Amino acid sequence: MTDLAAGNSFSPLIVLLMLLVLGGLLVASVTVRIIRIARGRESREQQLARLAAQLDGRDRVRIRMVEFGLSEAELRWVAHGRGYGLIEHTFSRYYEFVRVPHQVPPGSPGPGSWQGRP
C-alpha cells in the first residue's frame, strides 16, 4: 500500500523547485514590465534621444509600444531622419524600424535637384 502512495506523489523537493522557478519567472516578468512603463513616462526629449540612440545603423530594430509615449508622427520623424522606415505591429504591440538606405533625409534636396550646375 505504501508503494502505491509513494509512486503517485511528487517529491517535496521537486515541488519546491518548481515553485521557485515559476516565482522567479513571475518576478522577472513584472520587473521588465515596470521598467518599460517607467521608460514610457520619461520626458519627450529623453524619449526622442533614447530612440535616436537605438537607431544606430542596424538593419532592424524592434521596440515594444509601451516603452515610448511618443506619437506615431514623432516616431516616424526620428526614424526617417535616421534612415529607417517604421512598421507598426498592433497585434503584437511593437514597432519595427527597418533600415532604408536609399531614403532621402528630410530637408535635403532630392536626387534630381542637383544644384551644382551653372
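Everything below is about the structure printed above this text.
Starting afresh in each chain, residues are numbered from 1 along the sequence in its written order. Residues qualify for local features only when their pLDDT is at least 70, as the model is predicted, and side-chain atom pairs are given and counted only at 80 or more; totals for whole chains, interfaces and linings, by contrast, use all residues. By convention in this description, side-chain values take in all heavy atoms of the structure and omit both hydrogens and water.

Chemist: Please clarify how the pairing of strand 2 (residues 84-89) should be interpreted in this entry.
Modeler: The two faces of a sheet get side chains in turn, since along a regular strand they alternate between them. Strands qualify as paired when DSSP identifies two bridges or more between them. What counts as a helix is a DSSP run of H or I of at least four residues, what counts as a strand is a run of E of at least two, and both are numbered from the N terminus. Judged from the six bridges that link them, strand 2 and strand 3 (residues 94-99) form a sheet pairing that is antiparallel. Opposite Glu 88, over in strand 3, you have Tyr 95 as the bridge partner. What sits between the antiparallel neighbours strand 2 and strand 3 is a turn of four residues, in which Arg 93 has the positive phi angle 60°.

Chemist: Please clarify how the environment of Glu 42 should be interpreted in this entry.
Modeler: Mapped onto the elements of the fold, Glu 42 is located in the loop between helix 2 (12-40) and helix 3 (44-54). Residues Glu 42 and Glu 67, spaced 25 residues apart in sequence, show a C-alpha to C-alpha distance of 9.4 Å. Residue contacts follow a heavy-atom distance rule, with two residues in contact if any of their heavy atoms lie within 4.5 Å. Once you skip the residues sitting within four places of it in the chain, Glu 42 turns out to touch Gln 47 and Arg 50. Under this definition, polar contacts are N or O atom pairs within 3.5 Å; protein pairs additionally need one hydrogen-donor-capable and one acceptor-capable atom, and for neighbouring residues in sequence, both atoms have to be side-chain atoms. A polar contact of 3.3 Å, which involves the side chain of Glu 42, links it to the side chain of Arg 50.

Chemist: Whenever I open this one, the side chain of Gln 47 confuses me. Can you help?
Modeler: Within the secondary structure, Gln 47 sits in helix 3. A distance of 2.7 Å separates a polar side-chain atom of Gln 47 from the backbone nitrogen of Gly 69. Those residues in contact with Gln 47, other than ones at most four positions away along the chain, are Arg 39, Gly 40, Arg 41, Glu 42, Phe 68, Gly 69 and Leu 70.

Chemist: Is there a simple way to explain the environment of Ala 38 in this structure?
Modeler: Relative to the assigned elements, Ala 38 resides in helix 2. Assessed through its relative accessible area of 47%, Ala 38 is described here as partly exposed. Remark: the alpha-carbon pair of Ala 38 and Glu 67, spanning 29 residues in sequence, is separated by 7.7 Å. We call a residue buried when its accessible area falls under 20% of the maximum for its residue type, exposed when it is over 50%, and partly exposed in between, using a 1.4 Å probe and counting protein chains only.

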